[in-house]
Amino acid sequence: MTTLAPGAEAAPGGTLYLVATPIGNLGDITIRAIEILKSVPLIAAEDTRVTRKLLTRYQIATHAISYHAQSDPGKLAKLLAHMRGGGDLALVTDAGTPTVSDPGAEIAAAWAAEGGRVEAMPGASAALVAVAVSGLAGPRWSFEGFLPRRGSERRDRIARLAADERGAVIFETPRRLGTTLADLAAACGSERPAAICRELTKIHEQVLRLPLGALSAAVGDGAVPALGEAVIVLGWYPGGSGSATARSPEAGAVDVAVARVADLVASGTPRGEAARLVS
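In this text, all values refer to a predicted model and were calculated from it rather than measured experimentally.

### So, the packing of helix 3 (residues 73-84) against helix 4 (residues 105-113)
Packing of helix 3 against helix 4 brings their axes to within 11 Å, and their N-to-C directions diverge by 40 degrees. Taken together, helix 3 and helix 4 sit at an angle that is classed as oblique. At the point where helix 3 passes helix 4, the crossing takes the right-handed sense. Residues L76, L79, L80, M83 and R84 of helix 3 touch helix 4, and the partners they reach there are I107, A110 and W111.

### Examining helix 1 (residues 31-39)
Within helix 1 the residues assigned to the buried category are A33, I34, I36 and L37. Take helix 1 and look down its axis: the buried residues cluster within an arc of 165 degrees, on one side only. Of the exposed residues in helix 1, the ones pointing more than 90 degrees away from its buried face are I31 and S39. Buried residues belonging to helix 1 abut strand 1 (15-19), strand 2 (43-45), helix 2 (48-57), strand 4 (89-92) and strand 5 (117-121).

### Remarks on the packing of helix 7 (residues 177-188) against helix 8 (residues 212-220)
The contact between helix 7 and helix 8 brings their axes to 9 Å, and the two run at 160 degrees. The pairing of helix 7 with helix 8 is recorded here as roughly antiparallel in orientation. As for how helix 7 packs across helix 8, the hand of that crossing is left-handed. Only L212, G213, L215, S216 and V219 of helix 8 make contact with helix 7, whose side of the interface consists of L177, G178, L181, A182, L184, A185 and C188. Of the residues that constitute the contact of helix 7 with helix 8, the class distribution is nine nonpolar, three polar and no charged.

Conventions adopted
- Residues numbered from 1 in each chain as written.
- Predicted model: local features only at pLDDT ≥ 70, side-chain atom pairs only at ≥ 80, totals over all residues.
- Heavy atoms only, no water.
- Axes fitted to C-alpha atoms, helices over the stretch in contact; angles between N-to-C directions.
- Helix = DSSP H or I, 4+ residues; strand = E, 2+ residues; numbered from the N terminus.
- Parallel < 35°, antiparallel > 145°, perpendicular 65-115°, else oblique.
- Left-handed = near helix turned anticlockwise from the far one by under 90°.
- Contact = heavy atoms within 4.5 Å.
- Buried < 20%, exposed > 50% of the residue type's maximum accessible area, 1.4 Å probe, protein only.
- Arc of directions from axis to C-beta.
- Nonpolar A, V, L, I, M, F, W, Y, C, P; charged D, E, K, R; others polar.

As structure tokens, this is what we get:
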């Protein structure tokens, strides 16, 4: 699908393809994506070493160059010049869909502003996989990407999440996962349902569904390995964190889970192991 305004005609030049790539399992790529990667004269990749594994798997011989968030502005200029000259360009990131908490927005916006044709090749998305596998996001949810690391901007964003009854999808690094869960538990309530989804579609995929307080404790106790980026799914919670009114059906299950974890801990089971058993 092109990003052109209604009635507008594409300017002469190539097409920018935003190609979604697997988030873990290399089998999760579409036939159309493979065809595009084979047909374009150039691929711009976030990390050519990562992309080379995918290209090798599907015998794609297209030349690839690096293009990422820290690339020199001159690299963007060269890629735009390539498309102005009529050359198509495929943009890929290490995993998932370009521009979705990943590089690519600036080149897509720049080429679209010139009237260039921009098309997206849909495919794997960690956000959608986490929503599906967690079963907690509810009928409406927001995508937050990575939260601000510190300061009032972070506090304000988390406060808005706490006041919102919708589910939310948050990306986080392993180093900051424990801190973020603790902050969410403090603002949203330790009993609000949530899930940690790690290594999605990979061999060591882990999905841990527990209340925020128990998830925070599980990370602190080492039940969640500090490896690979994680997706936090903040559960749908009608009424928000400050309401004592109608709770979702999941909330009753959350109460049972909390009580069961507490019983196991009281009987001598380490909290991290108790969290694993209840999950």
